[in-house]
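# A closer look at the structure
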Amino acid sequence: TEGAEALDAEDALPLVPARMVNELLYCERLTYLEWVQREWADNPFTVDGTWVHRRVDRPKVLKAQTKVDEVPERPYQARSVALSSAELGVTAKIDLVDVDGDRVMPIEYKRGRAPSVPEGAYLPERAQLCVHVLLLREHGYQCEGAAIFFAAEQRRVPITIGTAALGGEVEV
């Protein structure tokens with residue numbers, strides 16, 4: 001729109017956190033309260049979620065990609081990986097990233113159980129993972145999929161990323 005084009009660098013719109021993409025698809029009012037109004041109150045579910053995240057919230061660096069002539073490093077996991085993209089307009093703190101050479105896979109931690117849906121997770125969670133995949137790709141990593149670790153079951157559920165995974169709304 002004309003107003004958006006008139007913005008200069010000082011008036012740039014804030015980057016949207018991937019978590020807010022999840023919240024927006026879950027409940028627009030909750031998104032407004034949390035992101036715009038900055039209203040937040042812990043409850044038993046969020047306290048439990050903080051406990052589930054206690055290890056992945058301790059940062060462990062996502063290393064730069066190996067160069068073509070270098071021997072690839074053995075697989076490892078990076079924790080609490082912060083990535084942003086002004087071009088995409090999003091930012092995220094990825095709970096865990098599995099790294100095997102130049103291939104990576106973001107893992108989102110959830111406190112509960114996996115839902116009984118064919119896609120492995122509900123749309124808000126799949127959209128949040130889509131943002132993670134887009135950010136990793138933007139930063140030069142090969143990323144074809146993602147997963148959610150459901151703490152109540154101690155189970156990792158693979159999530160397909162693409163048009164079908166998001167009900168046709170987004171192409172990655």
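Conventions we followed
Residues numbered from 1 in each chain as written. Predicted model: local features only at pLDDT ≥ 70, side-chain atom pairs only at ≥ 80, totals over all residues. Heavy atoms only, no water. Axes fitted to C-alpha atoms, helices over the stretch in contact; angles between N-to-C directions. Helix = DSSP H or I, 4+ residues; strand = E, 2+ residues; numbered from the N terminus. Parallel < 35°, antiparallel > 145°, perpendicular 65-115°, else oblique. Contact = heavy atoms within 4.5 Å. Nonpolar A, V, L, I, M, F, W, Y, C, P; charged D, E, K, R; others polar. Polar contact = N/O pair within 3.5 Å; in protein donor to acceptor, adjacent residues only side chain to side chain.

## Some thoughts on the packing of helix 2 (residues 18-26) against helix 3 (residues 28-36)
- In the contact formed by helix 2 and helix 3, the axes pass within 5 Å of each other and the chain directions differ by 140°. In terms of orientation, helix 2 lies oblique with respect to helix 3. Note on element contacts: helix 3 touches helix 2 through Glu-28, Leu-30, Thr-31, Glu-34 and Trp-35, opposite Met-20, Glu-23, Leu-24 and Tyr-26.
- For the contact of helix 2 with helix 3, the per-class residue count stands at five nonpolar, one polar and three charged.

## Things to note about the environment of Arg-19
- On the secondary structure map, Arg-19 appears in helix 2.
- Counting along the chain gives 109 residues from Arg-19 to Gln-128, while the straight-line C-alpha distance between them is 6.3 Å.
- Every residue in contact with Arg-19, bar those within four places of it in the chain, is listed here: Lys-110 and Gln-128.
- Within the structure, Arg-19 has its side chain in polar contact with the side chain of Glu-23 (distance 2.7 Å).

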